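# Fold and geometry: a report
Each chain, written out:
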Amino acid sequence: MTARVLSGVQPTGNLHLGNYLGAIRNFVGLQDTHECLYCVVDMHAITVFQDPKELAANTREVAAAFIAAGVDPKNHIVFNQAQVSQHAELAWVLNCVSRMGWLNRMTQFKEKAGKDREKASVGLYVYPNLMAADILLYKATHVPVGEDQKQHLELARDIAQKFNHDFKAEGFFPQPEPLIQGPATRVMSLRDGTKKMSKSDPSDLSRITMLDGPDEIAKKIRKAKTDTQALPETKEQLEGRPEAANLLGIYAALADVPLEAAIGQFAGSQFSNLKEQLAELAIEKIGPIGEEMKRLTQDPATVDAILADGAERARAIAEPIMAEVRHKVGFLGS
Ligand code: TYM
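Each chain has its residues counted from 1, running along the sequence as written. This being a predicted model, a pLDDT of at least 70 is required before a residue's local features are given, and a value of 80 or more before pairs of side-chain atoms are given or counted; all residues contribute to the totals for chains, interfaces and linings. Side-chain calculation: all heavy atoms of the structure are included, whereas hydrogens and water are not.

## Structural notes on the overall build of the protein
- By definition, any uninterrupted DSSP run of H or I lasting at least four residues is a helix, any uninterrupted run of E lasting at least two residues is a strand, and each is numbered from the N terminus. From N to C terminus, the protein includes 13 helices and five strands.
- Among the 334 residues that make up the protein, the fraction classed as buried is 51%.
- Sequence-distant contacts, at least 24 apart, represent 76% of the contacts inside the protein between residues at least 6 apart.
- Taken as a whole, the protein presents about 15,500 Å² of accessible surface, with 52% of it coming from carbon and sulfur.
- Taken as two groups, the 38 positive and 43 negative side-chain charges of the protein have centres that lie 4 Å from each other. Buried means the residue's accessible area, taken with a 1.4 Å probe over protein chains only, is under 20% of the maximum for its type, while exposed means over 50%, and partly exposed covers the values in between. Working rule for contacts: check all heavy atoms of both residues, and any pair within 4.5 Å makes them a contact. Residue-level accessible areas treat just the shown protein chains as cover; the underlying method is Shrake-Rupley with a 1.4 Å probe. None of His or the chain ends enter the tally, which takes Lys and Arg as positive and Asp and Glu as negative. Charge positions are represented by NZ for Lys, CZ for Arg, CG for Asp and CD for Glu.

## Digging into the environment of I135
- With respect to the element layout, I135 can be found in helix α7 (residues 122-136).
- If sequence neighbours within four positions are ignored, I135 has contacts with L6, A140, V143, L153, A156 and P176.

## Description of the site of the ligand
- A single heavy atom is enough: if one lies within 4 Å of a molecule or strand, its residue is considered near that molecule or strand. Neighbouring residues of the ligand: 28 residues in total, closest Q10, Y127, D134, D148 and V187.
- Contacts described as polar in this section are N or O atom pairs within 3.5 Å, which, within protein, must combine one atom able to donate a hydrogen with one able to accept it, while residues neighboring in sequence count only if both atoms come from side chains. Here a nitrogen atom of the ligand sits 2.6 Å away from a polar atom, N or O, in the side chain of D134.
- Secondary structure elements with two or more residues in the shell around the ligand: β1 (4-9), α1 (17-30) and α7.
- Gly is placed with the polar residues, together with every amino acid not listed as nonpolar (Ala, Val, Leu, Ile, Met, Phe, Trp, Tyr, Cys and Pro) or charged (Asp, Glu, Lys and Arg). Each residue belonging to the shell around the ligand can be placed in one class, and the counts come to twelve nonpolar, eleven polar and five charged.

## Some words on the nonpolar core
- Within this scheme, the nonpolar core is defined by two criteria: the residues are buried Ala, Val, Leu, Ile, Met, Phe, Trp, Tyr or Cys, and they are joined through side-chain atoms within 4.5 Å. Ranked by size, the top nonpolar core spans 59 residues in total, and within it L21, F66, L248 and L254 carry the most contacts.
- Looking at which element gives the most residues to this core, the answer is helix α12 (residues 271-297), with ten residues.
- Formed jointly, this core draws a minimum of three residues from each of two domains, domain 1 (4-185 + 299-329) and domain 2 (204-295).
- Those residues within four positions of F66 in sequence are excluded, and the remaining contacts are V9, I24, F27, Y38, C39, V40, V71 and V78.
- C39, L137, A160 and F163 belong to the second largest nonpolar core, which has 46 residues in total. Where each domain starts and ends comes from a domain assignment, either automatic or drawn from a database.

## Describing helix α8 (residues 150-166)
- With 17 residues, α8 extends 24 Å from end C-alpha to end C-alpha; this agrees with the ideal 24 Å at 1.5 Å per step.
- Residues H152, L153, L155, A156, I159, A160, F163 and N164 constitute the buried set of α8.
- The positive-phi residue at the C-terminal boundary of α8 is K168, with phi of around 45 degrees. Each helix should span, by expectation, one fewer than its residue count multiplied by 1.5 Å.

## Considering the pairing of β1
- Judged by how many residues are buried, β1 sits mostly within the fold: five of six residues are covered.
- Two strands are said to pair when DSSP picks up at least two bridges between them. In this sheet, strand β2 (residues 35-40) lies alongside β1 in parallel orientation, the contact comprising six bridges. If you follow R4 over to β2, its bridge partner there is E35.
- Call a crossover right-handed when, viewed with both strands pointing away from you, the route from the first strand across the helix to the second goes clockwise. Assessed by its sense of winding, the connection that carries the chain from β1 through α1 to β2 is right-handed.

## Regarding the pattern of salt bridges
- One side-chain nitrogen of Lys or Arg within 4 Å of one carboxyl oxygen of Asp or Glu is enough to make a salt bridge. Within the structure shown, the criterion is met by 18 salt bridges.
- A salt bridge links D116 to K119, with the nearest nitrogen and oxygen atoms 3.5 Å apart.
- Assessed through its relative accessible area of 39%, D116 is described here as partly exposed.
- What you see here is one network of salt bridges that share partners, running through E89, E319 and R326.

## Things to note about the domain arrangement of the protein
- Annotation of the protein at the domain level lists domain 1 (4-185 + 299-329) and domain 2 (204-295).
- The straight-line distance from the C-alpha centre of domain 1 to that of domain 2 is 29 Å.
- Facing the 15 residues of domain 1 at the interface are 18 residues of domain 2.
- A 1.4 Å probe defines the accessible area here, and the buried area is the portion of it lost by two parts on being joined, summed over both. Carbon and sulfur atoms make up 74% of the surface buried where domain 1 meets domain 2, a total of about 1,400 Å² over both sides.
- Taken together, domain 1 and domain 2 are joined by zero salt bridges.
- The interface formed by domain 1 and domain 2 holds three residue pairs in polar contact (both at pLDDT 80 or more) in total.
- Elements that contribute at least two residues to the side of domain 1 that touches domain 2 include exactly α1 and α3 (52-69).
- Top element by residues in the side of domain 1 that touches domain 2 is α3. It accounts for five residues.
- Class assignment of the residues belonging to the side of domain 1 that touches domain 2 gives a composition of ten nonpolar, two polar and three charged.

## Digging into the packing of α7 against α8
- Closest axis-to-axis distance for the α7/α8 pair is 9 Å, and the angle between their directions is 70 degrees. In this view, α7 runs roughly perpendicular relative to α8, as classed from their interaxial angle. As for how α7 packs across α8, the hand of that crossing is right-handed. Touching Y127, P128, N129, M131, A132, I135 and L136 of α7 are H152, L153, L155, A156, I159 and A160, all from α8.
- When its residues are assigned to classes, the contact of α7 with α8 shows eleven nonpolar, two polar and no charged. Note on geometry: axes are lines fitted to C-alpha atoms, helical ones only across the stretch in contact, with angles between N-to-C directions running from 0 to 180 degrees. Oblique is the label for any angle not covered by the other classes, which are roughly parallel (under 35 degrees), roughly antiparallel (over 145) and roughly perpendicular (65 to 115). Here a crossing is taken to be left-handed if its near helix is turned anticlockwise relative to the far helix by less than a right angle, and right-handed if that turn runs clockwise.

## Considering helix α4 (residues 86-95)
- Listed in full, the buried residues belonging to α4 are Q86, H87, L90, A91, V93 and L94. Taken end-on, α4 shows its buried residues confined to a sector of 160 degrees, consistent with a single buried face.
- Of the surrounding elements, those touching the buried residues of α4 are β2, β3 (77-80), α7, α8 and α13 (300-329). Working note: the arc is built from the helix axis to C-beta atom directions.

This is the structure in structure tokens:
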């Protein structure tokens, strides 16, 4: 079987360093060895209300981020989910394979729905089934994601297995492997090292976004929370020091070195030294990507053409697989 990569990013604004280091950056390297599909998951985004104009702009922005980071939309496929209607169609079938009990365990739903679960959209609840459809629609074998998507990937594996079992189609859907790679699979908030860096944190200082300029990047790193001790000498000494672990992890990921190397470089020094060098490195690595994103989004027609072309090529892979699904399920006319 060919190794096929699929991953998705939601167009919900504030694309940040966590999205880049945990996912998008890893998309790039996989292009040398795999056939890759990278999807802007607009249908996932609307599980929480999105202003339609902003959704369109954010969709282009995520596509621009993929390309600016080094994804090649000619040799691989960049598209937005809503243009390939088979995602919704397979999601319905998988809604009928997936179990309530499985979805009830999803921690991300619990976090996102908050206290008033009755008011959450039904879409937010079945969101992991749509994510399984995104992957299985292409029989993707590898899925690069950050740590927070691990549970959803496990669910996708369970759904694949149950579909194969229920429809007596052993091996039809492969078991997708999560690829959770690098020293920054879970980038934490710059204001609180115990909270994940997220698009929805009310504090702008909590995250570095892909569009931040040098002054903003430097300011956010300067203001990042620290503790009062000098930086540790070993990985074990990071235990109980979430802010030190986070800043060193980010540094290692941006410098493309193992965490141990970053620890060695700053062992015994003050946070101010790390912050100074981290700001310099972040500006060097993130700045040009943000600039290229701005350039691309100023030309929406070009981005739209890339997405339309990607969608056409995605449909060409998806439709024969969807046709097999219809047939297996017993839908007439298929
Ligand atoms: P989303 O849009 O929340 O995030 C996009 C990617 O960024 C990663 N990520 C992080 N990595 C490290 N540290 C962080 N603080 C951080 N925050 C986010 C996420 O793990 C993700 O890889 N459900 C998915 C989107 C999706 C998808 C898919 C992914 C839909 N269908 C199919 C893979 C395959 C999501 O909401 O990601």
